[in-house]
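# What the coordinates show
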Amino acid sequence: LGDHYGGFTVWERDITQHVNPGETARLCVLVIDRADEISYGSGYAKHPIGGILRNVSIMALPDNYPQQVSITTDFDEEYENAELVVQGKMRTASQLSRIELKLFDQAGQPVELATKSYPITNTDLFKVRNRINRPLKWNAEHPYLYSLQLSFWENEEQLWLRNFNVGFREIEIKGNQFLLNGIPVKLRGACRHDIHPLLGRVSTPDYELMDVLLAKEANINFIRTSHYPPTEHFLKLCDQYGLYVEDETAVCFVGSHRTSDYHPGASQDDSEFSNRYLSQLNEMVMNHRNHPSVIFWSIGNENSFGSNFKKSYDWVKMTDPTRPVIFSYPGNVPDSIQAYDIISMHYPGVSGTMEQYGVKTESFSHKIKPVIFDEWAHVPCYNPFTLKEDPNIRDFWGISLDSMWQKTYDADGALGGAIWGMIDEIFMLPGDLAGFNQWWGKMDAHIHPGEYAGHAIGYGEWGIIDVWRRKKPEFWNVKKAYSPVRLLQIEFKDIQTNAAIEIPVYNRHDFTNLNQVKLRYTINNRSRFLPAPDVPAHAKGTIHLPLDEWPNDGAVILEFLRPDNSMIDSYTIHLNRTDTPEPFVASSTGIELLEDESDYVITTTNDLKFMIEKHSGLFKMLEAKDSRLIFTGPHLNLRTLGKQLLYSSHIMNDYGRNWKLRNLEVLKQDGYAEISLAGDYELVRDVAFVIRIYGDGSITTTFSLDKTPPEVIREIGVIYSVEDRIDSLAWKRDSYWSDVPIGHLSAREGTTPLYAESLNRYRVPPDKEWPNDSKSFFYNGMEDEQSEALSYVAKATKENIREYDLYIDNISRLTVLGGGHESCRLHKQDGQILLFINTLIDYPDIAWGNYSRSIMLPDTYSATIMMRFR
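Here's a quick rundown of the structure. These figures come from a predicted structure and were not determined experimentally. (Residues numbered from 1 in each chain as written. Predicted model: local features only at pLDDT ≥ 70, side-chain atom pairs only at ≥ 80, totals over all residues. Heavy atoms only, no water.)

### Details of the overall build of the protein
The cut-off we apply is this: Per the convention used, a helix needs a DSSP run of H or I reaching at least four residues, while a strand needs a run of E reaching at least two, with both numbered from the N terminus. Within these notes, the globule rule equals 2.2 Å times the number of residues to the 0.38 power, and the radius of gyration is based on C-alpha atoms. Residue burial is assigned from relative accessible area. The probe radius is 1.4 Å, only protein chains are included, and a residue is buried under 20% of its type maximum, exposed over 50%, and partly exposed in between. In this analysis, two residues are considered to be in contact whenever any of their non-hydrogen atoms come within 4.5 Å of each other. Within this scheme the basic residues Lys and Arg register as positive and the acidic residues Asp and Glu register as negative, but His and the chain ends are omitted. Charged groups are reduced to one reference atom each: NZ for lysine, CZ for arginine, CG for aspartic acid, CD for glutamic acid.
A tally of regular secondary structure across the protein gives eleven helices and 49 strands. Against the compact-globule benchmark of 29 Å for 870 residues, the protein has a radius of gyration of 32 Å, which places it among compact chains. Here the protein holds 870 residues, and 57% of them are scored as buried. Long-range pairs, those at least 24 residues apart, make up 67% of the contacts in the protein between residues at least 6 apart in sequence. Between the averaged position of the 87 positive side-chain charges in the protein and that of its 118 negative side-chain charges there is a distance of 1 Å.

In structure tokens form, the structure reads like this:
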């Protein structure tokens, strides 16, 4: 019946001449994975896509019916009234035939049309115009849809009928402004792949609905359909729930970043490929042009420019002049050629100033055209070593997005950005599938061997949700950073009881006045609603919050809700708060100091005995009444950014290896014992520790270095090792966001067991939330989770701690006391729990334009950490 290039677009074949009524017919489809495929679909998936990715259906149609139906809405200059234009082409010209139209509002009530019927006798074209007075407009915040019923009649018989959703909206570009219905919009986006945890590069209706609802919950209003068109069902959901869409044709890495098996793929100037480019582009545009959610077309991802892209641009502009077009990379387009209307840039730094193939932006802006950063704020995924040891990197990433979005929203000509990416790019192939590193999962120059293990392959965990659509730590960061309601002050000083406070607020909606939002505040666990103030979109105002009772904890919770009561954002307001931690006060009661041939033994007044080895100067044991606990340390924790392996994958330099004691002194002072030790590590010399043990079981550890390495650090602090009897931990900390949900691995307060009760199995849907996982089938292999492995929430760094408690038998035994600057994390090694207490941390390998602190130590460094044993 014919060939078709491309597996991502809808196409049809007429089988009328090949089937007979009453007889069985068999339709055979041969799927070929071509090395020169312009979509690069299999190369991107790291396995040959050997199946059909879209729905298959059989249709019975009359001999004549409308085709290529196009629906456009064009507003007048005041954006008040609109012209509804419905046009198309009949399959054949016919006699005594007509098109009929009916329009219904969202409640199902008919809308009066001046032209309800249009005769098409002796022609195969039709174009019907109707003026619609004051239609309700469609946008992502108010996705109002009308229903258009289009029918075809011949000889007074209805032969064909189809319903279309219609959103009245108009797109314009004026200078460097992108306007929707005359209003500048800002795109808070994410890039979305079709991902199914068991079926691969497939999008099913249930997962599509989850993706749309999760995007709305995360305050996302824009989806880039990378790197191929989405399904019709997905676009219908975007129309219904309100998401803007960048619809991208399946042309990827042409002449650019391809792997060896799909190389060279440089077809951008090859006329033999022109039909492949234009045919699937035609199918995308003609099938999706009637969706109001689609606001611009993309003619490919990260390609080398050539004549086939110029042909693609020209065809789109001729066929659909109502939408702009982008091309990435635009810097590859010669200045004399028009091939894009919006500048597409990938991976700006947090400053927004960058140059890519000759195109420059400053502070996320461009003076001539709108600029969209439709790949930005890359979710950590290429640094498996850090991801495995410290999941908190996923929470730290949120600082990048927040900084980018704040600057973009206020920048002239900055349209917005799309996070890479929305869903983890992981294909869990069957565990018994043959051919690893032969016809799938091949190790190539673009994947480091440490990045995946076993039959879970792909590009990595680069999503804000995982393949099962569970929320990862990045999800909440997106919701906060992209929040359309931003409080500009959350701490207030010198507030009197029963007074009121004025809270400055920034309404970062595009079409919603703040008074359309519900405002709920909670004091002392009692909630009530307050009318939100009149603050137009894109404007700043003030919330008058009465303090009709004084919060006992000095905190008021403010929540902003949509009309359906779903959460937009929440804040914790602090009144008369002081950041000064309570001073460290240890008991002045006495202690005992004993010495034998090999150890020092220090006994406190609460019956704790600390044993210190003479040959190392380190703790080796802790006794309490009849119990003993292996407790060793301290060790220096100093790691810096080392050799780059690939992308943002680095080896960390570890300066805390192989301690050698040079000097030890133990003295009994008034109320405490002081242990002073000096020595060297393999890579850093002249390291000193001064440990004070007080009568109540409190310990301070001061460490100092006479010469620090001149390198960007990952973390610095001390490590204590504790016998593997700890069963849970609790913490209190200061956080970047004023409000973090319970259960988040970096919540402001939390309690968690160290180990998960239920264990994940490969290719089996998990029955727990993501923070309670302990391994990744992508990074760690296909074996089941192990009951003795620390969960993500247990081992993730807790930054800016006030208290960090370790429990044995559900009783707090060890507390790290912080002043809001220290950080703690756990690691399990050789049957011991390593307690990392860091005074400085960073994630310098986060890369791809994301924020890092870039900490360089002074030549000498000293810091003190505090603990208390019970």
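### Re the side chain of asparagine 181
Put simply, the test is: A 3.5 Å cut-off defines polar contacts: any pair of N or O atoms within that distance qualifies, except that in protein one atom must be a possible hydrogen donor and the other a possible acceptor, and neighbouring residues in sequence count only when both atoms are side-chain atoms.
By the element assignment, asparagine 181 lies in the loop between β10 (177-180) and β11 (183-184). According to the relative accessible area criterion, asparagine 181 is buried, its value standing at 5%. Of the polar contacts made by the side chain of asparagine 181, one reaches the backbone nitrogen of glutamate 170; its length is 2.8 Å. Leaving out residues up to four positions away in the same chain, asparagine 181 has contacts with Phe75, Tyr79, Lys137, Trp138, Phe168, Arg169 and Glu170.

### Description of the packing of aromatic side chains
Worth spelling out the cut-off: Note on aromatic pairs: the rings of Phe, Tyr and Trp (six-membered ring only in Trp) are paired at centre separations within 6.5 Å, and the planes decide the class, stacked below 30 degrees, edge-to-face beyond 60, tilted for the rest. The criterion for a charge sitting over a ring is simple: Lys NZ or Arg CZ within 6 Å of the ring centre, and within 35 degrees of the ring normal.
Tallied over the full model, the rule gives 45 aromatic pairs. With centroids separated by 6.3 Å and ring planes inclined at 85°, the aromatic side chains of phenylalanine 560 and tyrosine 571 adopt a geometry described as edge-to-face. Taken together, the residues phenylalanine 560 in strand β30 (residues 555-561) and tyrosine 571 in strand β31 (residues 567-575) connect sequence positions eleven residues apart. For the residue pair phenylalanine 560 and tyrosine 571, the accessibility class agrees, reading buried in each case. What links up through ring pairs into an aromatic cluster is the set Tyr40, Tyr44, Phe253, Tyr262, Tyr347, Tyr382, Trp420, Tyr459, Trp462 and Trp848. One Lys or Arg, lysine 480, reaches over the ring of tyrosine 571 and ends 4.5 Å from the middle of that ring. For the cation-ring pair, lysine 614 lies above tyrosine 600, with the distance from its terminal atom to the ring centre recorded as 5.2 Å.

### Some thoughts on the sheet that holds strand β29 (residues 539-546)
Put simply, the rule reads: Any two strands between which DSSP finds at least two bridges are classified as paired. Here an axis means a line fitted to C-alpha atoms, over the contact stretch when the element is a helix, while the angle between two N-to-C directions is reported on a 0 to 180 degree scale.
An order of β24-β26-β29 is seen for the three strands of this open sheet, with the pairing classed as antiparallel. Looking at the sheet topology across the chains shown, the edges are occupied by β24 (485-487) and β29. When strand polarity is set aside, the average angle formed by the axes of neighbouring strands in this sheet is 35°. Of the strand pairs in this sheet, β24 and strand β26 (residues 500-507) are connected by three bridges, and their pairing is antiparallel. The partner of leucine 487 across the bridge, within β26, is valine 505.

### A closer look at the environment of arginine 192
Within the secondary structure, arginine 192 is located in strand β12 (residues 187-192). Using a relative accessible area of 3% as the deciding quantity, one classes arginine 192 as buried. Separated by 311 residues in the primary sequence, arginine 192 and isoleucine 503 place their C-alpha atoms 36 Å from one another. Discounting residues that sit within four places of it in the chain, arginine 192 has contacts with Ser203, Glu208, Asp211, Ile223, Arg224, Thr225, Ser226, Phe234, Met422 and Ile423. A distance of 2.9 Å separates polar atoms of two side chains, one belonging to arginine 192 and the other to aspartate 194. At a separation of 3.1 Å, a polar atom in the side chain of arginine 192 contacts the side chain of serine 203.

### A word on a nonpolar patch on the surface
Using the following cut-off: The patches reported here contain residues having more than 30% relative accessible area and no salt bridge. Joining distances are 9 Å for like charges and 5 Å for nonpolar side chains (Val, Leu, Ile, Met, Phe, Trp, Tyr). Shrake-Rupley sampling with a 1.4 Å probe provides the accessible areas, and residues are treated as covered by the protein chains on show and by no other component. Each salt bridge in this description consists of a side-chain nitrogen of Lys or Arg and a carboxyl oxygen of Asp or Glu lying within 4 Å of one another.
The grouping of Leu1, Leu27, Val29, Val31, Ile52 and Val56 at the surface amounts to a nonpolar patch, some 600 Å² of accessible area in total. Residue position: leucine 27 is located in the segment before α1 (41-45).

### Re the sheet that holds strand β13 (residues 222-225)
The eight strands are arranged β12-β13-β14-β15-β16-β17-β20-β21 in a closed barrel whose pairing can be described as parallel. Across this sheet, the average inter-strand angle for adjacent strands is 25°, counted without regard to direction. Here strand β14 (residues 244-248) pairs with strand β15 (residues 294-298) via four bridges, running parallel. The residue of β15 that forms the bridge with aspartate 247 is tryptophan 297. Sheet strands touched by helix α4 (residues 274-288): β14 and β15. Its angle to β15, the strand with the most contacts, is close to 175°.

### Description of the packing of helix α8 (residues 398-410) against helix α9 (residues 473-481)
Packed helices, taken two at a time, are described by the angle their axes make and the gap between the axes. The following threshold applies: Note on terminology: angles under 35 degrees are roughly parallel, angles over 145 are roughly antiparallel, angles of 65 to 115 are roughly perpendicular, and the others are oblique. Put simply, a crossing is left-handed when the front helix is turned counterclockwise from the back one by less than a right angle, and right-handed when it is turned clockwise.
The interhelical angle for the contact between α8 and α9, taken along N-to-C directions, is 20°, at an axis separation of 9 Å. With respect to their mutual orientation, α8 and α9 come out roughly parallel. Remark: the crossing between α8 and α9 carries right-handed chirality. Taken together, the residues of α9 that come into contact with α8 (itself represented by Gly398, Leu401, Asp402 and Trp405) are Asn477, Val478 and Ala481.

### Some words on the state of the cysteines
Put simply, the rule reads: The rule for a disulfide is simple: a pair of cysteine sulfur atoms within 2.5 Å.
Following the criterion strictly, the structure yields zero disulfides and no others. You can see cysteine 381 has no disulfide; the closest cysteine sulfur is in cysteine 191, sitting 13 Å from it.

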